[in-house]
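Residue strings, one per chain:
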Amino acid sequence: MLGLAPGLTIIDLTHDLPPHDVRAGALTLVRAAQYLPDGCVVLAVVDPGVGTDRRLLAVACERATFVGPDNGLLAPAVALLGGAGTVVSLTRQDQHLPAPGPTFAGRDILAPATAHLALDGPLTDLGDPVDPASLVPGLVGLPTPLEGGALQAEVWWVDRFGNCQLNVGPDDLAAAGGARGEPVEVRLGDRAKAARWVDTYASARPSELVLLVDSYGLLALALDRRSAAAEYGLHAGSNVVLVPPGTTVPA
Amino acid sequence: MLGLAPGLTIIDLTHDLPPHDVRAGALTLVRAAQYLPDGCVVLAVVDPGVGTDRRLLAVACERATFVGPDNGLLAPAVALLGGAGTVVSLTRQDQHLPAPGPTFAGRDILAPATAHLALDGPLTDLGDPVDPASLVPGLVGLPTPLEGGALQAEVWWVDRFGNCQLNVGPDDLAAAGGARGEPVEVRLGDRAKAARWVDTYASARPSELVLLVDSYGLLALALDRRSAAAEYGLHAGSNVVLVPPGTTVPA
Amino acid sequence: MLGLAPGLTIIDLTHDLPPHDVRAGALTLVRAAQYLPDGCVVLAVVDPGVGTDRRLLAVACERATFVGPDNGLLAPAVALLGGAGTVVSLTRQDQHLPAPGPTFAGRDILAPATAHLALDGPLTDLGDPVDPASLVPGLVGLPTPLEGGALQAEVWWVDRFGNCQLNVGPDDLAAAGGARGEPVEVRLGDRAKAARWVDTYASARPSELVLLVDSYGLLALALDRRSAAAEYGLHAGSNVVLVPPGTTVPA
């Protein structure tokens, strides 16, 4: 891209996603979306279908343009930024790099498209417009209230400290009966643990499992200065049930 | 380097090479070479002989200048870019940073030389010209046809997905009797596996070992959404024999 | 930060510190300090007390300004650069980003402060001045001479090659009786090994443990092309006793 657009400023959001994990990529983009510089172009590639007939898209939103495969990777961030405006399919082959095969669209198709857009080149130079409503949706689940009032939740992300972000916001937990400063029962597979809802990591007593509002506004399971993921065997996608006072889980 | 040349644009090609692995560094430079922005300066350091009498060089090629130790690291990329023009040995000590010892030439000698060249400083400010023919050659082997027509090949690189790049191009395999869409027998140590030559990762059936032209134009052994390296115990340097239909391997 | 200060040049010193390890962060800053471009702003975050009443500071030194938590992280680098000039506590909330909670001060308080300073904004816009003498000191220990003349030392850092940097300079070892080219007895837990003081990694014979002046001017325990840390079970914080010729350790 710097060969095509020499003055470009590039931010490496991450190169550390688990291979082939479209959902992890989509959630990473959502976490980054509100902090993107205005007018930036976001190149995103998690593309296990590379070289097949899945589409490659450029999706203009109000504050940013996303470039990537149409496999759900872009959809949640696009939604967060107000939805898709113009969308084009990157079919104009004269905008692609010559390549020995179809196995690295990130480099050969998405990167030159990104450089083109970063130079304020028109979106429609890159291919034909497609219906924004035709984008493959993202697969990010909401918490499910169970009979009895408990919340069926899911770990969305384990950060480098081992904190486990849930797909549950503080309002969800409060609506289900949770309260700041109070414990909530947490079912982790076979185990049930009490987790106090605190404000900071350092509020946790040694070895005390806590819930806190993390830096993206979602509840996370955490230990102070230790990895909750390692301690409780949690990973992205793990199921967790939150059982606030006064609620029950189905037998 | 930004202290010496404040406006510099720096691309971090990688900091993740296996320690002391000159060949892995050389192959990484070869993969990057054709994508380098015109006129750039490439600082490369894999330098187990740091502080000994191995030379440090700046090698001007047509599209880029390479700065690094003369231990084979630079040679393949220099060859790919058309060979060495002027070469100097970085002997001018007034161009080096003061240092507590000779253990980090990358920082104390190569980095200031790179900054100097990035500011369009003359190559000959850095030291005395040396004969381009005197560069230590790179150690990257070609595939060897065996008696019976099979190809003795080698894994050059395992990417982060576990795909295993071989030192074999599609023309080599076609010349030996392989054909797109057809299986080739692959000998991996004691095991023999059939690997179909396909175009995309997603063309592989679940658990089917395939060969495909990777993004650098070489054949790679791959599984769909899984690591072929982990499954078959392959790593950079592993020997592999390709036995196309109609060929044999010596007993 | 690029959203707030679009022209900014950002250097990623590291994102690979062990979680919560303030001392590793402090030592990393010390190693980097003398190579910082003049006038730069250094954002440093290892902040296990995030959200508690520990202070967040901007510390102006002669050649750089440091922004980070007041937990000892900044102190050694500040001292190396001549000590703190003006120091402010980052209490001005209108300079903070809106945030869902207090769990990521690095992003919400330190990053906008850094961008402000990088744009030459006044330090005093960020909060109230505090006494430079009130900074929490850094916890980096000096080597201790033992009865009998040996040196009680400590591993400060294991680099990616497995070389083990000690908190001992060549002058310390020479004063205790060590000499270049000569062996020094090294006590590693239960084991005693002779380590020759050499100038380069390549001077070590196969499997020979050596001491050499590393690229930061401190002595390091090393093996040639292998990891001394892995071989001897050393890590940051490990205790090591150096017993030069003519010295003894207490029984």
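Residues numbered from 1 in each chain as written. Chains lettered and ligands numbered in written order. Predicted model: local features only at pLDDT ≥ 70, side-chain atom pairs only at ≥ 80, totals over all residues. Heavy atoms only, no water.

A.B. asks: Please give an account of the sheet that holds strand β3 (residues 64–69) of chain B that cites residues and values.
C.D. replies: Strands pair in a sheet through their backbones, by hydrogen bonds, and they do so in one of two ways: parallel or antiparallel. Residues and elements named next belong to chain B. Ordered by their spatial adjacency, five strands build an open sheet running β1-β3-β2-β4-β5, and the pairing between neighbours is mixed. Across the chains shown, the open sheet's two edge strands, defined by having one partner strand only, are β1 (40–43) and β5 (128–129). The pairing of strand β2 (residues 56–60) with strand β4 (residues 87–89) spans three bridges and is classified as antiparallel. Note that in β4 the partner of V59 across the bridge is V87. Across the face of the sheet, helix α3 (residues 105–118) comes into contact with β1, β2 and β3 while running at roughly 165° to β3. (Pairing = 2+ DSSP bridges. Helix = DSSP H or I, 4+ residues; strand = E, 2+ residues; numbered from the N terminus. Contact = heavy atoms within 4.5 Å. Axes fitted to C-alpha atoms, helices over the stretch in contact; angles between N-to-C directions.)

A.B. asks: Tell me about the relation of the copies chain B and chain A, and name the residues and values.
C.D. replies: For the pair chain B and chain A, the superposition axis carries a translation of 0.0 Å, the fit reaches an RMSD of 0.0 Å, and the rotation angle comes to 120°. One copy is carried onto the other by what is essentially a three-fold rotation axis. By C-alpha distance to the rotation axis, the residue of chain B lying nearest is B:T9, at 5.1 Å. (Least-squares fit on C-alpha atoms with pLDDT ≥ 70 in both.)

A.B. asks: Explain the packing of aromatic side chains to me, using residue names and the numbers behind them.
C.D. replies: Residues and elements named next belong to chain A. Using the criterion set out here, one finds three aromatic pairs over all chains in the structure. With centroids separated by 5.9 Å and ring planes inclined at 75°, the aromatic side chains of W157 and Y216 adopt a geometry described as edge-to-face. Residue W157 is located in strand β7 (residues 151–158), and its partner Y216 is located in the loop between β11 (210–213) and β12 (219–222); the two are separated by 59 residues in the primary sequence. When its relative accessible area of 24% is taken as the criterion, Y216 is described as partly exposed. (Phe/Tyr/Trp six-rings, centres within 6.5 Å; stacked < 30°, edge-to-face > 60°. Buried < 20%, exposed > 50% of the residue type's maximum accessible area, 1.4 Å probe, protein only.)

A.B. asks: So what's going on with the state of the cysteines? Which residues, and what values?
C.D. replies: In the structure shown here, the tally under the stated rule is zero disulfides over all chains. Summary of cysteine pairing: C:C61 is not part of a disulfide, and the nearest cysteine sulfur, belonging to C:C40, is at 10 Å. (Disulfide = S-S within 2.5 Å.)

A.B. asks: Describe unusual backbone geometry, with residues and values.
C.D. replies: All names here are of chain A. Look at D120: it is not a glycine, yet its phi comes out positive at around 65°. Within the secondary structure layout, D120 lies in the loop between α3 (105–118) and β5 (128–130). In this structure, S207 is a non-glycine residue whose phi angle is positive, near 65°. Position of S207 relative to the elements: it lies in the loop between β10 (191–198) and β11.

A.B. asks: Go over the interface of chain B and chain A, please, and point to the residues and values.
C.D. replies: Facing 19 residues of chain B, the contacting portion of chain A comprises 19 residues. Note on chain B versus chain A: buried area summed over both sides is about 1,500 Å², and carbon and sulfur give 64% of it. Taken together, chain B and chain A are joined by zero salt bridges. Across the chain B-chain A interface, the total number found is five residue pairs in polar contact (both at pLDDT 80 or more). (Buried area = accessible area lost by both parts, 1.4 Å probe. Salt bridge = Lys/Arg side-chain N within 4 Å of Asp/Glu carboxyl O. Polar contact = N/O pair within 3.5 Å; in protein donor to acceptor, adjacent residues only side chain to side chain.)

A.B. asks: Go over the side chain of A:N163, please, and point to the residues and values.
C.D. replies: All names here are of chain A. Structurally, N163 can be placed in the loop between β7 and β8 (164–166). Residue class for N163 comes out buried when judged on its relative accessible area of 6%. One polar contact links N163 to D159, side chain to side chain, over a distance of 3.0 Å. Those residues in contact with N163 that lie beyond four places of it in its chain are W157, V158, Y201, L221, A222 and L223.

A.B. asks: Tell me about helix α3 (residues 105–118) of chain C, residues and numbers included.
C.D. replies: Residues and elements named next belong to chain C. In a regular helix each residue adds 1.5 Å, so 14 residues correspond to 20 Å; α3 covers 18 Å between its end C-alpha atoms and thus fits that length. For α3, the principal kink sits at A111 and spans about 30°; a proline, P112, occurs within the next four residues. Buried residues dominate α3, accounting for 13 of its 14 residues. Count one or two residues on from α3 and you reach D120, which has phi positive near 65°. (Expected span 1.5 Å × (residues − 1). Bend = angle between axes of the 7 residues up to and from the residue.)

A.B. asks: Tell me about the sheet that holds strand β3 (residues 64–69) of chain C, residues and numbers included.
C.D. replies: All names here are of chain C. The four strands are arranged β1-β3-β2-β4 in an open sheet whose pairing can be described as mixed. Each of the sheet's edge strands pairs with one partner strand only, and the pair in question is β1 (40–43) and β4 (87–89). For this sheet, the mean angle separating the axes of adjacent strands, direction not counted, is 15°. Relative to the sheet, α3 contacts β1, β2 (56–60) and β3, its axis offset from that of β3 by approximately 165°.

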